[in-house]
Amino acid sequence: MRTFTSYEEVNTNVNYYVPREELIEQGCNQLLGNEPSYGGHYMTVWAPRQTGKSWVMRQVVDRIMERGDFEVAIITLQSTKTAKNEQDVLDVFVQKLRKGFGRDFPDIVSWKELDNLFSTIYFDKPVILILDEFDSMGEQFINDFANEFRNMYGDRVNERGKLSSEKSCLLHGLALVGVRAVLGIESRSGSPFNVQRSLHVPNLTFAEVESMYKWYERESGQTVEDRVLEQIYYVTQGQPGLVSWFGELLTKAYQPRPKQPLLDWEAWELAWNSARYLEPNNTVMNLIAKARASEYRDYLLQLFSQSNIPFSFHYPTHSYLYMHGIIVPETTRQPNGKIINVCRFSSPFIQDCIYDALGHELVPRSRILALEVGDDLADVLDPTKKNLDLPALLQRYKDYLLRLKTAGYNPWKEQPRRETDLQLTEAVGHFHLYAWLKEAIGDLCIISPEFPTGNGKVDLHIRYEQKQGIIELKSFKNVAVLKQDQGKAAAYANSLGLDNITMAVFVPVLDEAVLAKLSGVEIIKGIKVTVMAIGWV
């Protein structure tokens, strides 16, 4: 029986996969060109990591090789990552070409000699070359390579646009595969490869994800519950590496009843918990490391509390985080009717992992206990009440902040602040409350951050035995916006079948009279909405 795999390239003979026929056909057509006498295209293949770029291009290579009228090779330049000078890069390139085409190319000592390698001296058929991991090289090497390939393209074509019989360059089609530098994003002079076509490798659609798991059902005889399948797609947004990884977890390590005919919600909850906290995943660990970098951390913090940050590839931060699979653009329409592109996290799973990681990093430990000695949380967890008393829980958080202040400890010291007005970055308070909740009730309750709108809204779902409650985290802007947020919170609680919701609103003042005025309870369309204003500066 086949298996799901995420740590190595998919083998179509032993693994579940999505054929992606249309994408492979596009790659073949661009490399071959519409008319052989005019030559094929020189193209870039780009997408965030773990989206299957290499796999797609290997299928393209196999298709073209079946024709028999082209010399084809795919080589990876990952080993140039440690190259320290031009000659090291050229040596690796020639060595890879020898292996890829199975012939003895001579050593070269300059970029200008590249076109000699694709001449009639060594080939008697047109050549198609795919360079995988092209952006492993340093920027200068990338630019030099791309410049020479551009020159080859120009030399290959005469004034009428047909292949020149006087030129000996047989490089018919070229694909540079990478995540960012092949687009010229990191080059101060722009992309030197201005003859390029482009092939973008998107995430899987729901239908494609479903086809993989239905394939598993047919072979295993075990049915995957519909809501489990929907949740896999939702939390991964179809990112191929993550889709397969969750397949591995569900079908191998975290089946509570492996011989049962149904992969149900219990199996999903086990896999989901383990994916976030127990199972190491190289891709996720790499993304978290990038999110923690000082040049990107503060920007990502904004995304947890702002829903309207414009997205543009012209911003280096945006392009870098997109190409590494952390953020994506989403097209939306503003209330005034204007269409804009805004920043969103690439998937709820990635957002959840980054939220947890940054929360641990941003919140320093203190010697002050999260709860008073002897506090048994009797009113919060009262078994005679229908709901958890979350306002009472938030009052304990406010008491905790007061104890910190009395002890001379400022939890907001040296935390990220906005450059415009030096106010604390909104998400800092959100992370601090989340960390406190885990310390105060983490042994008794399940605390799950959820992000129902992608960005700008964080809800903490708290479960204790059969009871569930929600704390919606907000930052105070003005009273009018707060009123709107209360209405939205009520609608959200209603959509989940709850009759109440609690809002923790961080306000940049410490005046208790002001905080008390902003706090209160309202019944909105039958939903009890409690606002707890929390002061911070």
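Residues numbered from 1 in each chain as written. Predicted model: local features only at pLDDT ≥ 70, side-chain atom pairs only at ≥ 80, totals over all residues. Heavy atoms only, no water.

Visitor: Looking at this structure, how should I read the sheet that holds strand S15 (residues 527–535)?
Guide: The strands that make up a sheet pair up through hydrogen bonds in the backbone, lying either parallel or antiparallel. Read across the sheet, six strands follow the order S10-S11-S12-S13-S15-S14 without closing on themselves; strand pairing throughout is mixed. Looking along the sheet, the strands with just one partner apiece sit at the ends: strand S10 (446–450) and strand S14 (520–524). Neighbour-to-neighbour, the strand axes of the sheet open up by a mean angle of 25 degrees, direction not taken into account. Pairing geometry for strand S13 (residues 500–507) and S15, over eight bridges, is parallel. From the neighbouring strand, Ile501 faces S15, where its bridge partner is Val529. Along the sheet, helix H13 (residues 390–406) makes contact with strand S11 (458–464), strand S12 (467–475), S13 and S15, crossing S15 at roughly 0 degrees. Where helix H15 (residues 479–495) meets the sheet, its contacts fall on S10, S11, S12, S13, S14 and S15, and the angle it forms with S13 comes to roughly 150 degrees. (Pairing = 2+ DSSP bridges. Helix = DSSP H or I, 4+ residues; strand = E, 2+ residues; numbered from the N terminus. Axes fitted to C-alpha atoms, helices over the stretch in contact; angles between N-to-C directions. Contact = heavy atoms within 4.5 Å.)

Visitor: Looking at this structure, I do not really get unusual backbone geometry. What am I missing?
Guide: A negative phi holds for most residues other than glycine; trans holds for most peptide bonds. Unlike most non-glycine residues, Glu133 shows phi in positive territory, near 55 degrees. Note that Glu133 resides in the loop between strand S3 (127–132) and helix H4 (139–156). Unlike most non-glycine residues, Lys525 shows phi in positive territory, near 50 degrees. The residue Lys525 is located in the loop between S14 and S15 in this model.

Visitor: Which parts of the structure should I look at to understand H15?
Guide: Because an α-helix packs 3.6 residues into every turn, residues spaced three or four apart end up facing the same way. Taking 1.5 Å per residue, 17 residues should reach 24 Å; H15 reaches 25 Å between its end C-alpha atoms and fits that length. What H15 keeps buried is the set Leu482, Asp485, Gln486, Ala489, Ala490, Tyr492 and Ala493. Taken end-on, H15 shows its buried residues confined to a sector of 165 degrees, consistent with a single buried face. Facing away from the buried side of H15 by more than 90 degrees, the exposed set consists of Ala480, Gln484, Lys488, Asn494 and Ser495. Structurally, the start of H15 carries an N-cap: the backbone nitrogen of Ala480 is 3.1 Å from a side-chain oxygen of Asn478. (Expected span 1.5 Å × (residues − 1). Buried < 20%, exposed > 50% of the residue type's maximum accessible area, 1.4 Å probe, protein only. Arc of directions from axis to C-beta. Polar contact = N/O pair within 3.5 Å; in protein donor to acceptor, adjacent residues only side chain to side chain.)

Visitor: What's the story with the confidence of the model for the protein chain in this structure? I'm lost.
Guide: If pLDDT is low for a region, its predicted coordinates should not be looked at in detail. Considering every residue of the protein chain, the mean pLDDT works out to 85; 88% of them sit at 70 or more. Long-range and interchain partners of residues 181–194, a stretch whose pLDDT sits below 50, account for 40 contacts in this model, where long-range means more than four residues apart. (pLDDT = per-residue confidence, 0-100.)

Visitor: Help me understand the packing of helix H5 (residues 206–220) against helix H7 (residues 240–253) in this model?
Guide: To characterise two packed helices, one gives the angle between the axes of the helices and the distance between these axes. One can describe the packing of H5 onto H7 by two numbers: an axis separation of 11 Å at closest approach and a directional angle of 25 degrees. Of the possible angle classes, the one that applies to H5 and H7 is roughly parallel. Crossing angle aside, the handedness with which H5 passes H7 is right-handed. For the pair H5 and H7, contact is made by Val209, Met212, Tyr213 and Tyr216 and by Val243, Ser244, Phe246, Gly247 and Thr251, respectively. Among the residues forming the contact of H5 with H7, the class breakdown is six nonpolar, three polar and no charged. (Parallel < 35°, antiparallel > 145°, perpendicular 65-115°, else oblique. Left-handed = near helix turned anticlockwise from the far one by under 90°. Nonpolar A, V, L, I, M, F, W, Y, C, P; charged D, E, K, R; others polar.)

Visitor: What's the story with the pattern of salt bridges in this structure? I'm lost.
Guide: Overall, the coordinates contain 22 salt bridges when judged by the stated rule. Here Asp352 and Arg276 are joined by a salt bridge, their closest N and O atoms 3.5 Å apart. Of the two residues, Asp352 is situated in helix H12 (residues 348–362) and Arg276 in helix H8 (residues 265–277); the sequence distance between them amounts to 76 residues. The same class applies to Asp352 and to Arg276, which are both buried. With a closest N to O distance of 2.6 Å, Arg396 and Asp375 form a salt bridge. Of this pair, Arg396 sits in helix H13 while Asp375 sits in the loop between H12 and H13, and the two are 21 residues apart along the sequence. (Salt bridge = Lys/Arg side-chain N within 4 Å of Asp/Glu carboxyl O.)

Visitor: Before we go on, may I ask you to explain the nonpolar core in this structure?
Guide: Soluble globular proteins tend to bury their nonpolar side chains together. Tyr213, Phe246, Ile327, Phe349, Trp436 and Leu437 are the most contacted members of the largest nonpolar core, which has 91 residues in total. Ignoring any residue separated from it by four or fewer positions in sequence, one finds Phe349 in contact with Val235, Leu242, Trp245, Phe246, Trp272, Ala275, Arg276 and Val284. Grouped together as the second largest cluster of nonpolar side chains are 32 residues, Ile108, Trp111, Val127 and Ile142 included. (Core = buried A, V, L, I, M, F, W, Y, C linked by side-chain atoms within 4.5 Å.)

Visitor: Is there a simple way to think about the environment of Glu71 in this case?
Guide: Looking at the element boundaries, Glu71 is found in strand S2 (residues 71–76). Since its relative accessible area comes to 16%, Glu71 is described here as buried. Among all residues touching Glu71, those that are not within four sequence positions of it are Phe101, Arg103, Phe123, Asp124, Lys125, Pro126, Val127 and Ile128. Within polar-contact distance, the side chain of Glu71 engages the side chain of Arg103 at 2.9 Å.

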